[in-house]
Amino acid sequence: GVYGDQLNGSFLAFQNGEIDRVNYTFLSPADFEVIENDPVLLENYRAHGGDFRTDYLLFDTFNPPFDDLNVRLAFAKAVDREAIVENVVGARAGIPAYSFLAPGFPAADSEGLSETQAFDCEAAQGLLADAGFPEGDGFPDVELALRGEAEFIANWYTAAAASISQCLNVTITVNNLEFQDYMTRLLDRPTSLTFGGVSYGMDYLDPANMLGVWVSTGR
């Protein structure tokens, strides 16, 4: 059944015996801390079976401002993944992602790509300046479109947008669209999605399932 505020109320409802289980997506980092320190709760925590989900940001690379590699790299280096996992996602619910494929998959290059995309605000600011937007000056306001994400996942993207905004001094509005509206914009030719986020889980366990979303004319 549905009750009250699922995101913030599920764990309390579980503790009060009102519901039998809580999906990990409704647990906050603070809730996980309580679980870690309670032997009974910890024994009853079952790690999610998982679909090797990766939450990622995407750009329209054909048109300004993201047709400039320096801009894309500046955005990548302005996301403090470590802090977002620690403070918003929770270490039990995710790890910082530096490649599209989760560590352990053939062709996953977490280590090589982590160097390229590591949070480095100073370097990010330098890249944005190289692209012609020193201290964010003249950079257009952008919308980060989401694909009908649940509130808890939308919060992760809001945190990523805040990290980029604070580092680069740019304005990003987060807009959680209806699923079909998002897909229509994504698949428009040319695409009408300038900057987006997707929480993407695997349908079958092969790198092709993730890497196959990338084609030469867009998604």
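As a reminder, the structure under discussion sits directly above these lines.
This write-up is about the structure you can find in this document. (Residues numbered from 1 in each chain as written. Predicted model: local features only at pLDDT ≥ 70, side-chain atom pairs only at ≥ 80, totals over all residues. Heavy atoms only, no water.)

Observations concerning the nonpolar core
Applicable threshold: Only buried residues count toward a nonpolar core, which is a set of Ala, Val, Leu, Ile, Met, Phe, Trp, Tyr and Cys residues joined through side-chain atoms within 4.5 Å. The rule is simple: take the accessible area with a 1.4 Å probe, protein chains only, and divide by the maximum for that residue type; under 20% is buried, over 50% is exposed, in between is partly exposed. To qualify as a helix, a DSSP run of H or I must reach at least 4 residues; to qualify as a strand, a run of E must reach at least 2; elements of each kind are numbered from the N terminus. By definition, residues are in contact when any of their heavy atoms lie within 4.5 Å.
Core analysis: the largest hydrophobic core is formed by 40 residues, its most contacted members being Phe75, Phe139, Ile164, Leu168 and Ile172. Of all elements in the fold, only helix H1 (6-15), helix H2 (29-36), helix H4 (69-77), helix H5 (81-89), helix H7 (121-130), strand S2 (142-147) and helix H8 (151-168) reach the threshold of two or more residues within this core. Per element, the largest residue contribution to this core is 11 residues, and it comes from H8. In contact with Phe139, other than residues within four places in its own chain, are Pro65, Phe66, Val71, Phe75, Leu128, Phe133 and Val170. The next biggest cluster of nonpolar side chains, apart from the first, holds 17 residues, and it includes Leu101, Ala102, Tyr182 and Val198.

Topic: the state of the cysteines
Heads up, the condition is: The term disulfide is used for any two cysteine sulfur atoms that are within 2.5 Å.
On inspection of all chains with the given rule, the structure shows one disulfide. Across the disulfide, Cys121 is cross-linked to Cys167 (sulfur-sulfur distance 2.3 Å). The disulfide joining Cys121 to Cys167 has a torsion of about 120° about its S-S bond and is therefore right-handed. Taken as a pair, Cys121 in helix H7 and Cys167 in helix H8 lie far apart in primary sequence, 46 residues in all. Classification of Cys121 by relative accessible area gives partly exposed; the value is 22%. The exposure class assigned to Cys167 is buried, which follows from its relative accessible area of 5%.

Notes on the pairing of strand S4 (residues 195-200)
Keep this limit in mind: For two strands to pair, DSSP has to find at least two bridges joining them.
With six of six residues buried, S4 is to be regarded as a mostly interior element. Neither face of S4 is open: one carries Phe195, Gly197 and Ser199, the other Gly196, Val198 and Tyr200, and all of them are buried. Where strand S1 (residues 54-59) meets S4, six bridges bridge the pair, whose relative direction is antiparallel. Paired with Thr54 across the two strands is Tyr200, which belongs to S4. Bridge count for S2 against S4 is two bridges, and the pairing is parallel. Directly across from Leu146, in S4, lies its bridge partner Gly197.

As for the packing of H4 against H7
Going by this rule: Lines fitted to the C-alpha atoms define the axes, with helices restricted to the stretch that makes contact. Angles between their N-to-C directions range from 0 to 180 degrees. An angle below 35 degrees is read as roughly parallel, one above 145 as roughly antiparallel, one from 65 to 115 as roughly perpendicular, and any other as oblique. The sense of a crossing depends on the near helix, which, turned anticlockwise from the far helix by less than a right angle, makes the crossing left-handed and, turned clockwise, makes it right-handed. The classification used treats Ala, Val, Leu, Ile, Met, Phe, Trp, Tyr, Cys and Pro as nonpolar, Asp, Glu, Lys and Arg as charged, and all other residues, Gly among them, as polar.
The geometry of H4 relative to H7 is characterised by a closest axis approach of 8 Å and an angle of 160° between their N-to-C directions. It follows from the interaxial angle that H4 and H7 lie roughly antiparallel. For the element pair H4 and H7, the recorded crossing hand is left-handed. In this structure, H4 contributes Asn70, Val71, Leu73, Ala74 and Lys77 to the contact, and H7 contributes Cys121, Ala123, Ala124, Leu127, Leu128 and Asp130. In terms of residue class, the contact of H4 with H7 is made up of eight nonpolar, one polar and two charged.

As for the sheet that holds S4
Pairing is mixed in the open sheet, where four strands are placed in the order S1-S4-S2-S3. Two strands lie at the open edges of the sheet, namely S1 and strand S3 (172-177), each paired on one side alone. Each adjacent strand pair in this sheet contributes to an overall mean axis angle of 25°, direction not counted. Across the sheet, helix H9 (residues 179-187) lies against S1, S2, S3 and S4, angled at about 120° from S2, the strand it touches most.

Comments concerning H2
Short version of the rule: This arc corresponds to the set of directions leading from the helix axis out to the C-beta atoms.
The set of residues buried in H2 consists of Asp31, Phe32 and Ile35. Buried residues of H2, seen end-on, are gathered within an arc of 100° and therefore sit on one face of the element. Buried residues along H2 sit against H1 and helix H3 (39-43).

Considering H4
The cut-off we apply is this: Between N or O atoms, a polar contact is any pair within 3.5 Å; within protein, one atom must be a potential hydrogen donor and the other a potential acceptor, and residues adjacent in sequence are included only when both atoms are from side chains.
Val71, Ala74, Phe75, Ala76 and Lys77 are the residues of H4 that are buried. Here H4 starts with a cap whose side-chain oxygen sits 2.8 Å from the backbone nitrogen of Asn70, and that cap is Asp68.

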